[in-house]
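# Report on the structure
Take a look at the letters that make up each chain.
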Amino acid sequence: DAGVIQSPRHEVTEMGQEVTLRCKPISGHNSLFWYRQTMMRGLELLIYFNNNVPIDDSGMPEDRFSAKMPNASFSTLKIQPSEPRDSAVYFCASSLGLAGGNEQYFGPGTRLTVT
Amino acid sequence: AQSVSQHNHHVILSEAASLELGCNYSYGGTVNLFWYVQYPGQHLQLLLKYFSGDPLVKGIKGFEAEFIKSKFSFNLRKPSVQWSDTAEYFCAVITGGGNKLTFGTGTQLKVEL
């Protein structure tokens, strides 16, 4: 299996621009998670989906952030407009179900730099 | 809300030294505990996990961790580290049978030859 796939791996954009991050979960996994990693705040869960439905978006920092999962094999995280403080590594993870014991498999991450 | 504390932010060891990384969580109920590792330039990988049963959990690459409920701790250990263990290590917890992973801030381990 190819694992969780994220694109792009690196994104540099100017403040005010729209940014879209993409994730393809492992085939057969029905839960998907978006995380953000920064030096100041560490790894934070932003939102997660189960069977393509958003379950908990309480970690989304503000209305500039939105996430969708139109089908079982694709999810996007959009930031509009982007700000320098959004600079971070964004990870996507997937798991087989939502039970607490199900291992989450992480993608390689997207390193976002907003100038 | 639950939280996870990793008190050692940076650890430097020589090869063959023993390793123990501390992890404490704050939650009084049922927990599932995890250690993830992030090698330089790579994504997070699961080292080991605890759900129930034997509090001493063995993971990949010779790592183990012990769940001590009375101390709310889940420390990671390895008897003899290698240069290839240089990485960042994250402790994480899922509480109350839910599904949200809460991560600690991570410990950067550097193993010197």
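Just so it is clear, the model here is predicted, and its values are computed rather than measured.

### Quick word on the state of the cysteines
- Counting across every chain of the model gives two disulfides over all chains.
- Put simply, A:C23 and A:C92 are joined by a disulfide, and their sulfur atoms are 1.9 Å apart. Of note, the bridge from A:C23 to A:C92 carries an S-S torsion of about -70° and is left-handed in sense. Taken together, the positions of A:C23 in strand β3 (residues 19–24) and A:C92 in strand β9 (residues 88–95) put the pair 69 residues apart, joining distant regions of the chain.
- Note on cysteine connectivity: B:C23 is disulfide-linked to B:C91, with sulfurs 1.9 Å apart. Between B:C23 and B:C91 the sulfur-sulfur dihedral comes to about -65°; the bridge is accordingly left-handed. With B:C23 in the loop between β3 (19–21) and β4 (24–26) and B:C91 in strand β10 (residues 87–95), this residue pair connects regions lying 68 residues apart in the sequence.

### A look at the interface of chain A and chain B
- In this assembly, 19 residues from chain A lie in contact with 18 residues from chain B.
- At the boundary of chain A with chain B, total buried surface from both sides reaches about 1,500 Å², with 55% on carbon and sulfur atoms.
- For the pair chain A and chain B, the number of links is one salt bridge.
- On inspection of chain A and its partner chain B, the count reaches four residue pairs in polar contact (both at pLDDT 80 or more).
- Those elements that provide at least two residues to the side of chain A that touches chain B are β4 (31–38) and β5 (42–50) of chain A.

### Describing unusual backbone geometry
- Of note, the bond from A:S7 into A:P8 is cis; its omega dihedral lies within 30 degrees of zero at -10°.
- By the element assignment, A:P8 lies in the loop between β1 (5–7) and β2 (10–13).
- Cis geometry is found at the peptide bond from A:Q80 to A:P81, where omega equals -5°.
- Within the secondary structure layout, A:P81 lies in the loop between β8 (74–79) and β9.
- We note that A:N52 has phi near 75°; this positive angle belongs to a residue other than glycine.
- At B:F72, a position not held by glycine, the phi torsion is positive, near 50°.

### Points about the sheet that holds strand β7 (residues 65–71) of chain A
Residues and elements named next belong to chain A.
- In spatial order, the strands read β1-β3-β8-β7; together these four strands make up an open sheet with antiparallel pairing. The open sheet is flanked by β1 and β7, the only strands paired with a single partner. Across the sheet, the mean angle from the axis of one strand to that of its neighbour is 15°, orientation sign disregarded.
- Alignment of β1 against β3, held across three bridges, turns out to be antiparallel. Looking at β3, one finds that S7 is bridged to R22.

### Section: the pairing of strand β8 (residues 64–68) of chain B
Residues and elements named next belong to chain B.
- Across three bridges, strand β7 (residues 56–58) lies against β8 in antiparallel orientation. The partner of L56 across the bridge, within β8, is E66.
- Connecting β7 to the next strand, β8, in antiparallel fashion are five residues, including K61 with a positive phi near 60°.

### Details of the nonpolar core
Residues and elements named next belong to chain B.
- Membership of the largest hydrophobic core comes to 28 residues, with the highest contact counts inside it found for L33, W35, L47, L48, F74, L76 and Y89.
- Elements with a minimum of two residues in this core: β2 (10–14), β3, β5 (31–38), β6 (44–50), β8, β9 (73–78), β10 and β12 (107–112).
- Contact partners of L76, with chain neighbours within four places excluded, come to L19, E20, L21, W35, L47, L48, F63, E64, A65 and Y89.

Analysis parameters
- Residues numbered from 1 in each chain as written.
- Chains lettered and ligands numbered in written order.
- Predicted model: local features only at pLDDT ≥ 70, side-chain atom pairs only at ≥ 80, totals over all residues.
- Heavy atoms only, no water.
- Disulfide = S-S within 2.5 Å.
- Helix = DSSP H or I, 4+ residues; strand = E, 2+ residues; numbered from the N terminus.
- Contact = heavy atoms within 4.5 Å.
- Buried area = accessible area lost by both parts, 1.4 Å probe.
- Salt bridge = Lys/Arg side-chain N within 4 Å of Asp/Glu carboxyl O.
- Polar contact = N/O pair within 3.5 Å; in protein donor to acceptor, adjacent residues only side chain to side chain.
- Pairing = 2+ DSSP bridges.
- Axes fitted to C-alpha atoms, helices over the stretch in contact; angles between N-to-C directions.
- Core = buried A, V, L, I, M, F, W, Y, C linked by side-chain atoms within 4.5 Å.
- Buried < 20%, exposed > 50% of the residue type's maximum accessible area, 1.4 Å probe, protein only.

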